Amino acid sequence: MFKNDDVLIIDSRWVLRNDKDYLVLYLIDTSEAKTWILPPLLSYAVAFINGKNSYSRLISLIGRVFGTDDFGKSKQLTDRVLSILNDRDSIVRKRMEEPKEEDSNIFETKDFFIPLERYRFPENARLKYPTKVNLFVTKKCCAKCIYCYADLRKDNSDELLSFDEWRKIIDQCLSMGIWNIEVLGGDQLSCREGVAVTKYLMSKKVPVFLSTKCEVTESLAKELLSAGFLDKPRGPPHRLQFSIDSLKPEVADFMTNTVGFVERISRSVECCTNHGILPKIKSVLTPYNFMEMENIVSFFSTKGVKDFQFVCYSLSNFQPNEELLLSDDMKKWIHECYTYELVTKYPELHIVVQDEYRQKSPTFEERVDTWHKRARCTGGYSSLTILPTGKVVICEQMPQEKKFIVGDIRKEGLMGVWLGEEIEKFLFPPKEAFVDTSCEKCLEYADCHYNAGFCYRDALFAYGTVLQAPPNCPYQKKKGRSLI
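A brief structural summary. Remember, predicted model here, so these are calculated numbers, not experimental data.

A few words now on the overall build of the chain. Across its full length, the chain holds 16 helices and 16 strands. Computed over C-alpha atoms, the radius of gyration of the chain comes to 24 Å, within 12% of the 23 Å expected from 2.2 N^0.38 for 484 residues, which places it in the range of a compact globule. Projected onto its principal axes, the C-alpha coordinates of the chain cover approximately 75 × 60 × 50 Å. Separation between the mean location of the 67 positive side-chain charges and that of the 68 negative ones in the chain comes to 2 Å.

Structure (structure tokens):
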């Protein structure tokens, strides 16, 4: 795997953080949540992968940790540790050059040692500090899409956070080792506040993901470049995504409630590629446009786009429209005609198609198995969302209403909210609150609510309340509103 003199380092896409009672290793990627609370002995081994120790030195050090002087056993243990890390992702790699002072993941091993007797996993799997903070900077947008999922109801302009307040929030996040900072909500390129926050994040080497329906003009492209869009941040590169659902002007304008949308996005893509910015194209599939995937790929790939994503429309809590849901026949057509064929036809492109077609309904046993293997919702456990007013919700798709607010950044600060009573009460309601639901007498209630967790957003959208099991729970007997 590695040569004896190879100096090993944790890849810059990952952050190793000492949370005082445990070590957490998480991926810097706003689109994919990967957070790993390391077991004690593994944490000791990982602490030696500090960007300074060679592979042979690592073997010796890990041997001591596990109490053996036998080189063969030490090497076996070391290779096992590296295999565990790289089976999850390419977490450990060879350091390619001499370290610089500012290099990420070059650290002192002693800063990441926690005595075994003090090592404690976080209670209820809630981290001591978030690994992701969403900044809902603005509700402004240049479009009014018929499928918009965001709560864009206007706030009192006198209550909005200033750029200086957003800047201080970003600085606080970075001081706590939080590198997943995503700007979302409205369209961040549609207003100066959003552009200013984006530029500040880039100046701090925080990877930025811009999803926009705005026209990127020559002047805006140059502004992004001068702010460092093509520079290397910590983690993945900065990314820009254009959302366009149809090449038919009448369909695109209808879905976005705009005029001339296709022409604007086409100009924007050409402007970006001319300046070395390679954007991604994302489309939401509805009955109006689901047959246009290949046309979109063919058209924009000739303009230099190499990355495409197609997702099925799902209901939101703010503009629910069941007429936009794909029928089973439409999903079948996508499955048979595009999920494999489109990717095969354009092997040089990165194309992701959400395949929702199911030939048959899963059995109860299959639903139980899927449920037990579900990914934990990060809302409130490792992430939170700060609204334009400074109020906080656990998820950007929760309604911005008093009963869903779990704190106020202005009054309590980031950690005051994170450690506050309101977020605890929201995440862990008493069992009595679930009267007349499948949760009320469920034998898995404690494990579900305090360990595995579930998606409050799905429960709310399907049943109008968070005090219900979500529709994918195998024990949920109540038929709720279809989400997709």
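Here the focus is the sheet that holds strand β13 (residues 350-353). Backbone-to-backbone hydrogen bonds pair the strands of a sheet. The strands run either parallel or antiparallel. The five strands are arranged β9-β10-β11-β12-β13 in an open sheet whose pairing can be described as parallel. Lying at the two open borders of the sheet, with one neighbouring strand each, are β9 (209-212) and β13. On average, each strand axis in the sheet is tilted by 20 degrees relative to the strand beside it, whichever way the strands run. The strands touched by helix α8 (residues 261-274) are β10 (239-243) and β11 (280-285); relative to β10, the strand with the most contacts, the crossing angle is about 160 degrees.

Turning next to the sheet that holds strand β6 (residues 92-94). Ordered in space as β5-β1-β6, the three strands form an open sheet in which the pairing is antiparallel. A strand with exactly one partner marks an edge of an open sheet, and here the two such strands are β5 (50-54) and β6. Neighbour to neighbour, the strand axes of the sheet diverge by 30 degrees on average, direction disregarded. With three bridges connecting them, strand β1 (residues 7-10) and β6 associate as antiparallel partners. Each residue of the ladder has a partner; that of isoleucine 10, found in β6, is valine 92. Sheet contacts for helix α2 (residues 55-65): β1 and β5; angle to β5, the most-contacted strand, approximately 90 degrees.

Attention now goes to the nonpolar core. If you look at the biggest cluster of nonpolar residues, it comprises 113 residues, and the most contacted ones within it are Leu135, Phe308, Phe310 and Ile386. Of the residues forming this core, the biggest block, six residues, is contributed by α8. Beyond its immediate sequence surroundings of up to four residues, phenylalanine 308 is in contact with Ile281, Ile296, Val297, Phe300, Ser301, Leu349, His350, Ile351 and Val352. Residues Leu8, Leu25, Leu27 and Val81 belong to the second largest nonpolar core, which totals 33 residues.

On to unusual backbone geometry. Phi is positive for asparagine 124, close to 60 degrees, though the residue is something other than glycine. In this fold, asparagine 124 is placed in the loop between β6 and β7 (132-138). Positive phi values are uncommon outside glycine, yet asparagine 257 reaches one of about 55 degrees. By secondary structure assignment, the location of asparagine 257 is in the loop between α7 (249-256) and α8. The class for asparagine 257 is exposed, based on a relative accessible area of 51%.

Applying the stated criterion across every chain yields a total of 15 aromatic pairs. Aromatic pair phenylalanine 163 and tyrosine 200: ring centres 6.1 Å apart, planes at 85 degrees, arrangement edge-to-face. With a gap of 37 residues between them, phenylalanine 163 in helix α4 (residues 163-175) and tyrosine 200 in helix α5 (residues 192-203) connect regions that are remote in the sequence. Tyrosine 200 gets classed as buried once you look at its relative accessible area, which sits at 14%. Seen from their ring centres, tyrosine 381 and phenylalanine 428 are 6.1 Å apart, and the 85 degrees between their planes marks the pair as edge-to-face. One end of the pair, tyrosine 381, is in the loop between α12 (364-372) and β14 (383-386); the other, phenylalanine 428, is in the loop between α14 (421-427) and α15 (445-452), and 47 residues separate them in sequence. Both residues of the pair, tyrosine 381 and phenylalanine 428, count as buried. Taken together, the ring pairs in this structure connect Tyr44, Phe48 and Phe113 into an aromatic cluster. The lysine or arginine in question, arginine 234, covers the ring of tryptophan 179, its NZ or CZ lying 5.2 Å from the ring centre.

Let us look at α5. Between its terminal C-alpha atoms α5 stretches 16 Å, which fits the 16 Å expected from 12 residues at 1.5 Å a residue. Tucked into the core, α5 has its buried residues touching β7, α4, β8 (180-185), β9 and α6 (218-226). Downstream of α5 by one or two residues, lysine 205 has phi in the positive range, about 65 degrees.

Definitions and limits used
- Residues numbered from 1 in each chain as written.
- Predicted model: local features only at pLDDT ≥ 70, side-chain atom pairs only at ≥ 80, totals over all residues.
- Heavy atoms only, no water.
- Helix = DSSP H or I, 4+ residues; strand = E, 2+ residues; numbered from the N terminus.
- Rg over C-alpha atoms; globule rule 2.2 N^0.38 Å.
- Lys, Arg positive; Asp, Glu negative; His and termini not counted.
- Charge placed at Lys NZ, Arg CZ, Asp CG, Glu CD.
- Pairing = 2+ DSSP bridges.
- Axes fitted to C-alpha atoms, helices over the stretch in contact; angles between N-to-C directions.
- Contact = heavy atoms within 4.5 Å.
- Core = buried A, V, L, I, M, F, W, Y, C linked by side-chain atoms within 4.5 Å.
- Buried < 20%, exposed > 50% of the residue type's maximum accessible area, 1.4 Å probe, protein only.
- Phe/Tyr/Trp six-rings, centres within 6.5 Å; stacked < 30°, edge-to-face > 60°.
- Lys NZ or Arg CZ within 6 Å of the ring centre and 35° of its normal.
- Expected span 1.5 Å × (residues − 1).

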